[in-house]
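# Observations on the model geometry
Listed here are the chains, written in short residue letters.
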Amino acid sequence: MAQTIPEKTDQQRHRHNRGRRGGRPPVFDRQIYRQRNIVECCFNRLKEFRGIATRYEETATSYEAAVTLASFLLWARSV
């Protein structure tokens, strides 16, 4: 499975210097990283809503409704 977060350049250099004993080769999939970034940005925008960020709702159903409403409001703002 490919990594989602890119490996640091100093870690790549260290692996390269170790030669065959360096472990797994550095692998990075840009497409997966882009998808992850989209999801993380969406979560951060949802956290702008105080009730979602602090999870004040007592039941899972009301929390899901709040997330749905916030998602709709974010979508409506973008249109």
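Residues numbered from 1 in each chain as written. Predicted model: local features only at pLDDT ≥ 70, side-chain atom pairs only at ≥ 80, totals over all residues. Heavy atoms only, no water.

### Remarks on the overall build of the protein
Along the backbone of the protein there are 4 helices and 0 strands. Helices and strands appear in the protein in the N-to-C order α-α-α-α. The buried share among the 79 residues of the protein stands at 10%. When contacts within the protein are restricted to residue pairs at least 6 apart in sequence, those whose partners lie at least 24 apart make up 45%. Put simply, the protein shows about 7,000 Å² of open surface, and 55% of that area lies on carbon and sulfur atoms. (Helix = DSSP H or I, 4+ residues; strand = E, 2+ residues; numbered from the N terminus. Buried < 20%, exposed > 50% of the residue type's maximum accessible area, 1.4 Å probe, protein only. Contact = heavy atoms within 4.5 Å. Areas by Shrake-Rupley, 256 points an atom, 1.4 Å probe, with all protein chains shown as cover.)

### Here we look at the state of the cysteines
Working definition: the covalent bond between the sulfur atoms of two cysteines is a disulfide. For the structure on display, the rule yields 0 disulfides. In this structure Cys42 is not part of a disulfide, and its nearest cysteine sulfur, from Cys41, lies 8.8 Å away. (Disulfide = S-S within 2.5 Å.)

### Describing the packing of aromatic side chains
Two numbers describe a pair of aromatic rings. These are the distance of the centres and the angle of the planes. Counted under the stated rule, the structure contains 1 aromatic pair. Judged by centre distance (5.8 Å) and plane angle (35 degrees), the rings of Phe72 and Trp75 are tilted. Of this pair, Phe72 and Trp75 both sit in helix α4 (residues 60–78), 3 residues apart, roughly one helical turn. (Phe/Tyr/Trp six-rings, centres within 6.5 Å; stacked < 30°, edge-to-face > 60°.)

### Quick look at the pattern of salt bridges
Applying the stated criterion across every chain, the model contains 2 salt bridges. Of the charged contacts in the structure, one is a salt bridge between Arg36 and Glu40, with a shortest N-O distance of 2.7 Å. One end of the pair is Arg36 and the other is Glu40, both in helix α2 (residues 30–46) and 4 residues apart, which spans about a single turn. Of the residues examined, Glu40 reaches a relative accessible area of 35% and is grouped as partly exposed. Here Arg77 and Glu48 are joined by a salt bridge, their closest N and O atoms 3.9 Å apart. Of this pair, Arg77 sits in helix α4 while Glu48 sits in the loop between α2 and α3 (50–54), placing them 29 residues apart in sequence. Glu48 carries the same exposure label as Arg77, and that label is exposed. (Salt bridge = Lys/Arg side-chain N within 4 Å of Asp/Glu carboxyl O.)

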